Amino acid sequence: MKTIEFDYHLPKDLIAQYPCLKREESRLMVLHRSSRVIEHRRFIDIVEYFQPGDLLVINNTRVIPARLIGKKDTGGKVEVLLIPSRNGKEGEWQALFRGRGRIGKGTRIQFGDNFYGEVKELEGKKGKILFSTCEALEELLEKFGHIPLPPYIKREDEPLDRERYQTVFAEKDGSIAAPTAGLHFTPSLLKSLRERGVDITTITLHIGIGTFLPVKVSEIESHKMYSEWVEITEEAVKNIENAKARRGRIVALGTTTTRAIESFSDKEGRIKPGSGYTSLFIYPPYKFRVIDGLITNFHLPKSTLIMLVSAFAGRDFIMEAYREAVEKKYRFYSYGDAMLIL
């Protein structure tokens, strides 16, 4: 398929720069795949679309303050976006570098008192940085790091982003972007689902730099995904199996959750517990093995995420829904409104 088939026009003023005052007050577009009916609701109404016995699968990854701003010995400003990886040396991170002047191997970058890093490798904008200390590095990142807001949010991060660019169920550090479909949920909304007879289980997928990168090839089949770390526990697998046994629906909260589940499933839809990297790229006409429903935000044109939701709901139906979202002035992207596809 052609990448251009997943393009659409979006007025810039519909790109949400801040979250709603309250998480659950976001708007919700509901897409019914079988009837091609589109409904317009509030996110707090999502409970009505669940049935007793359904299972909601959530991603419990936590965004780390992975954006660091420092200075070279010459005084030039350097911005460093850390890329979490499990393959590097202690204290050494993969990273993206941006700054004025020359940045090369051996460049020393000061981030704070007694906190600096040295560029160890660099090819283009991507390379590796070795920090002066690996002790208490998490505390140093919390002190000096910034929440890595997506590039389409045209402002610096603020204190509110420490809370709002994080799901209420975030537990495991490792992402440089939030699983944004989960940003709409509150503890009370999750409680309402449980009271309705809906089970909730967690998986982990740590979101990497791929979420910021557009598809640049003309044929989508030629696009290569960056790998991301996934962990699915035996408990999560058991919960999915039990839901299927009672004919409950498996509803994935977000594209990251969807990719994690589908990556660890076989052709019969059986899931194996475990951990490892996935580079699964889902696009039409992918046949989903496990999920029956998907909660997601509105995604960038020509992105891997809009291709995934198009595979689940059909490209034509998704493009129709996006045109309607623009007409009705939904708020788009990370801090924007949500979509429920059933």
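Residues numbered from 1 in each chain as written. Predicted model: local features only at pLDDT ≥ 70, side-chain atom pairs only at ≥ 80, totals over all residues. Heavy atoms only, no water.

Novice: What's the story with helix α4 (residues 234-245) in this structure? I'm lost.
Specialist: In an α-helix, one turn spans 3.6 residues; hence positions three or four apart end up facing the same way. Between its first and last C-alpha atoms α4 spans 16 Å; for 12 residues at 1.5 Å apiece the expected length is 16 Å, and the two agree. Where α4 is buried, its residues touch β3 (55-59), β12 (199-205), β13 (228-232) and β14 (250-253). Among the residues trailing α4, Arg-247 stands out with phi positive, at a value near 65°. (Helix = DSSP H or I, 4+ residues; strand = E, 2+ residues; numbered from the N terminus. Expected span 1.5 Å × (residues − 1). Contact = heavy atoms within 4.5 Å.)

Novice: What's the story with the sheet that holds β12 in this structure? I'm lost.
Specialist: Judged by pairing direction, the sheet is mixed, and its nine strands sit side by side in the order β2-β1-β17-β16-β14-β3-β12-β13-β15 without closing on themselves. With partners counted over all chains shown, the strands left at the sheet margins are β2 (37-42) and β15 (274-278), one partner each. Shown here is a sheet whose adjacent strand axes are inclined to one another by a mean of 25°, direction ignored. Relative to β14, β3 runs parallel, the two being bridged by three bridges. Each bridged residue has a counterpart across the sheet, and for Leu-55 the counterpart in β14 is Ile-250. (Pairing = 2+ DSSP bridges. Axes fitted to C-alpha atoms, helices over the stretch in contact; angles between N-to-C directions.)

Novice: Help me understand the packing of helix α5 (residues 255-263) against helix α6 (residues 304-313) in this model?
Specialist: Packed helices, taken two at a time, are described by the angle between their axes plus the distance between the axes. Taken N-terminus to C-terminus, the directions of α5 and α6 make an angle of 65°; their axes are 11 Å apart at the nearest point. Compared by their axis directions, α5 and α6 come out roughly perpendicular. As for how α5 packs across α6, the hand of that crossing is left-handed. Across the interface between the two elements, Thr-255, Thr-258 and Arg-259 of α5 pack against Leu-305, Leu-308 and Val-309 of α6. (Parallel < 35°, antiparallel > 145°, perpendicular 65-115°, else oblique. Left-handed = near helix turned anticlockwise from the far one by under 90°.)

Novice: What is the right way to read empty space enclosed by the protein from this model?
Specialist: A probe matching the size of a water molecule, rolled over the atoms, marks out where space remains unfilled. Within the structure shown, the criterion is met by three cavities of 30 Å³ or more. Volume-wise, the largest cavity comes out at about 80 Å³. Along the walls of the largest cavity sit Pro-19, Cys-20, Arg-23, Ser-26, Arg-164, Leu-183, His-184, Arg-331, Ser-334, Tyr-335 and Gly-336, which together make up its complete lining. Here the residues of the lining of the largest cavity sort into four nonpolar, four polar and three charged. (1 Å grid on protein atoms, 1.4 Å probe; cavity = no way out; pocket = protein on both sides within 12 Å on 5 of 7 lines; lining within 4 Å. Points joined across faces, edges and corners; volume = space filled by probe spheres on them. Nonpolar A, V, L, I, M, F, W, Y, C, P; charged D, E, K, R; others polar.)

Novice: I tried to follow the pattern of salt bridges on my own but got confused; where do I start?
Specialist: Where charged atoms of side chains with opposite charge meet at close range, the side chains can pair. For the structure on display, the rule yields 23 salt bridges. The partner of Asp-157 in a salt bridge is Arg-67, and the shortest N-O contact between them spans 3.5 Å. With Asp-157 in the loop between α1 (137-144) and α2 (159-164) and Arg-67 in strand β5 (residues 67-72), this residue pair connects regions lying 90 residues apart in the sequence. With respect to burial, Asp-157 and Arg-67 carry one shared label: buried. Between Arg-246 and Asp-199 there is a salt bridge, with its nearest N and O atoms 3.0 Å apart. Of this pair, Arg-246 sits in the loop between α4 and β14 while Asp-199 sits in strand β12, and the two are 47 residues apart along the sequence. (Salt bridge = Lys/Arg side-chain N within 4 Å of Asp/Glu carboxyl O. Buried < 20%, exposed > 50% of the residue type's maximum accessible area, 1.4 Å probe, protein only.)

Novice: Mind showing me how you'd approach the packing of aromatic side chains here?
Specialist: One pair of aromatic rings is described through two measures. These are the centre distance and the angle between the planes. Applying the stated criterion across every chain yields a total of 18 aromatic pairs. Ring centres of Phe-43 and Phe-185 lie 5.0 Å apart, and the angle between their planes is 90°; on these two criteria the pair is classed as edge-to-face. Of the two residues, Phe-43 sits in the loop between β2 and β3 while Phe-185 sits in the loop between β11 (172-175) and α3 (187-195), which places them 142 residues apart along the sequence. The class for Phe-185 is buried, based on a relative accessible area of 0%. Both rings, one in Tyr-165 and one in Tyr-335, keep their centres 5.9 Å apart while their planes meet at 80°; by these two values the pair is edge-to-face. (Phe/Tyr/Trp six-rings, centres within 6.5 Å; stacked < 30°, edge-to-face > 60°.)

Novice: Explanation requested: the environment of Tyr-116 in the structure shown.
Specialist: Turning to its location among the elements, Tyr-116 is positioned in strand β9 (residues 115-123). Filtering out sequence-adjacent residues up to four positions away, Tyr-116 remains in contact with Arg-108, Ile-109, Gln-110, Phe-111, Leu-130, Phe-131 and Ser-132.

Novice: I keep staring at the environment of Lys-126 and nothing clicks. Help me out?
Specialist: Structurally, Lys-126 is set in strand β10 (residues 126-131). In this structure, the C-alpha to C-alpha distance between Lys-126 and Phe-97, residues 29 residues apart in sequence, is 6.3 Å. Setting aside residues up to four positions removed in sequence, Lys-126 forms contacts with Ile-83, Gln-94, Ala-95, Leu-96, Ile-209 and Tyr-226.

Novice: Got a minute to help me understand unusual backbone geometry in this structure?
Specialist: Across the junction of Pro-284 and Pro-285, the peptide omega takes the value 5°, indicating a cis bond. One non-glycine residue, Arg-36, lies in positive phi territory at about 60°. Inspection of the secondary structure puts Arg-36 in the loop between β1 (27-32) and β2. What makes Arg-36 partly exposed here is its relative accessible area of 42%.

Novice: What's the story with the sheet that holds β5 in this structure? I'm lost.
Specialist: In any sheet, the strands associate via hydrogen bonds between backbone groups, in a parallel or an antiparallel arrangement. Overall, antiparallel pairing links the six strands, which are arranged β5-β6-β7-β10-β9-β8 in a closed barrel. Shown here is a sheet whose adjacent strand axes are inclined to one another by a mean of 45°, direction ignored. Bridge count between β9 and β10: six bridges; the pairing is antiparallel. Pairing of Leu-122 across the sheet is with Gly-127, part of β10. Contacts from α1 reach β5, β6 (77-83), β7 (92-99), β8 (108-112), β9 and β10 within the one sheet, and its direction differs from that of β9 by about 95°.

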